[in-house]
Amino acid sequence: MNRKPTRKIQVANLAVGGDAEITVQSMTTANPLDIEASLTELRRLQTAGCQIIRMSIPSSEAAQNIRVFKKNMNIPLVADIHFNYKLALMAIESGADKIRINPGNIGEPKRVKEILSEAKKAHIPIRIGVNSGSLEKDLLQEYGHPTAEAMVASAERHLRICQENDFQDVIVALKSSDVSLMIAANRLFSAKYDYPLHLGVTEAGPFVQGTVKSSVGIGTLLAEGIGDTLRVSLTDDPVQEVRIGFEILKAFGLSKKGIKIVSCPTCGRAQVNVIGIVKELEERTRDIDKDLTVAVMGCIVNGPGEAREADFGVACGKGEALFFKRGEVIGKIGEDRILDTLLKTIEDWDTP
Ligand code: SF4
């Protein structure tokens, strides 16, 4: 995969863009005034491997709480702010690692200047977020409806303000709930600029629909080398967003988080409960960071081939399975020992 070159931007100790790994982000759902609930969510996201966490900062109290959140976490925190320049300044002062704000929405140029100047002093970037659902009225009039061109034109307005203030640490997102539009807007922007892109299908919906839409939208762009960081947006537990984000990256070999499971859909030939074994295996290995491919196959039609290609795996038969390790048959195991054998082998596995 040839990644489109972008400039590298530092978000606290994490780089976004350039040759930095593509990162997975999410956003908290707890009220930022509820410190305990927010901290619980931040910890869960951190445990799930989330690399950048965004929080809505709708009030000065929420902006003050950034200090508390920052003390209790060691991954970059992004303050999501709309319109209010005072909140942006407070968030920077409280230690936010990045501000998501659109300079064109702030109003007076001197206020914009102040925010950008404080962000520069604090060495933090901003993210410009264009959403097809909230494009400027005059752009909607000019283009008729939200188009990729209108979205890029909106991003350009905000970028121009940053450039006029000699502010270069900018990450850009062009999001839409319409997958094709999101893809087109990011392609167009990427062809013109080298700012790092934050990918996402916004308001993607509930778990299944949101996962599919995000995977198609983000995946299409990643396959073209576009995108430096991503957020899967789901009407669900944000931990699920992180899991799906890593699965998208894993599908392209761009992340090794969690083991890779090769398993068949099963059919009338299977005589072992492959679905049950694989569900349990996925659940129990979700947070294991090992570069490992494990095959669980229902029968000997395709089973031995896949199990041989994996690091290890099983090809099931009637009430038992052939166990393969590094391409060789190691022995036979009974159905009731398949899951435990796989889990123990994963636990003991040392990737060379
Ligand atoms: Fe069916 Fe065997 Fe293929 Fe699994 S591997 S889908 S059980 S034929």
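All of these numbers come straight from a predicted model, not from anything done at the bench. Chains are numbered independently. Their residues run from 1 in the order of the written sequence. Owing to the predicted nature of the model, reporting of local features is limited to residues with pLDDT of at least 70; listing and counting of side-chain atom pairs is limited to 80 or more, with chain, interface and lining totals taken over all residues. To obtain the side-chain values, all non-hydrogen atoms of the structure were included, while hydrogens and water were left out.

Caption draft 1: Layout of the packing of helix H1 (residues 35–47) against helix H9 (residues 238–251). To get an axis, a line is fitted to the C-alpha atoms, and for a helix only the part in contact is used. The angle between two axes follows their N-to-C directions and goes from 0 to 180 degrees. Only runs of H or I of at least four residues qualify as helices and only runs of E of at least two qualify as strands under DSSP, and these elements are numbered from the N terminus. Packing of H1 against H9 brings their axes to within 9 Å, and their N-to-C directions diverge by 15°. As the angle between them shows, H1 and H9 are arranged roughly parallel. Relative to H9, the crossing made by H1 is right-handed. Where H1 abuts H9, its residues Glu-41, Arg-44 and Leu-45 lie against Pro-238, Val-239 and Val-242. Roughly parallel refers to an angle under 35 degrees, roughly antiparallel to one over 145, roughly perpendicular to one between 65 and 115, and oblique to any angle outside these ranges. In a left-handed crossing the near helix is turned counterclockwise from the far helix by less than a right angle, and in a right-handed crossing that turn is clockwise. In what follows, residue pairs with any heavy atoms lying within 4.5 Å of each other are defined as contacts.

Caption draft 2: Highlighting the sheet that holds strand S13 (residues 312–316). Read across the sheet, 5 strands follow the order S11-S12-S13-S14-S15 without closing on themselves; strand pairing throughout is mixed. Each edge of the open sheet carries a strand with a single partner, namely strand S11 (260–263) and strand S15 (328–334). The sheet shows a mean angle of 20° between the axes of neighbouring strands, direction not considered. When DSSP finds two or more bridges between a pair of strands, those strands are recorded as paired. Here 4 bridges tie strand S12 (residues 293–297) to S13, and the two strands are oriented parallel to one another. Pairing of Val-296 across the sheet is with Val-314, part of S13. Each of S12, S13, strand S14 (320–325) and S15 is contacted by helix H12 (residues 338–348), which is oriented at about 170° to S13, the strand it contacts most.

Caption draft 3: Here's a closer look at the domain arrangement of the chain. Note that the domain bounds reflect an automated or database-derived domain assignment. The domains assigned to the chain are domain 1 (9–251) and domain 2 (259–348). Taking only C-alpha atoms, the centre of domain 1 and the centre of domain 2 are 39 Å apart. Taken together, the contact pairs 4 residues of domain 1 with 4 residues of domain 2. In total, about 310 Å² of surface goes out of reach between domain 1 and domain 2, with carbon and sulfur atoms giving 41% of it. When residues of domain 1 are sorted by the area they lose upon contact with domain 2, Thr-47, Arg-243 and Lys-250 head the list and together hold 86% of the total. Summed over both partners, the accessible surface that disappears when two parts come together, traced with a 1.4 Å probe, is what is meant by buried area.

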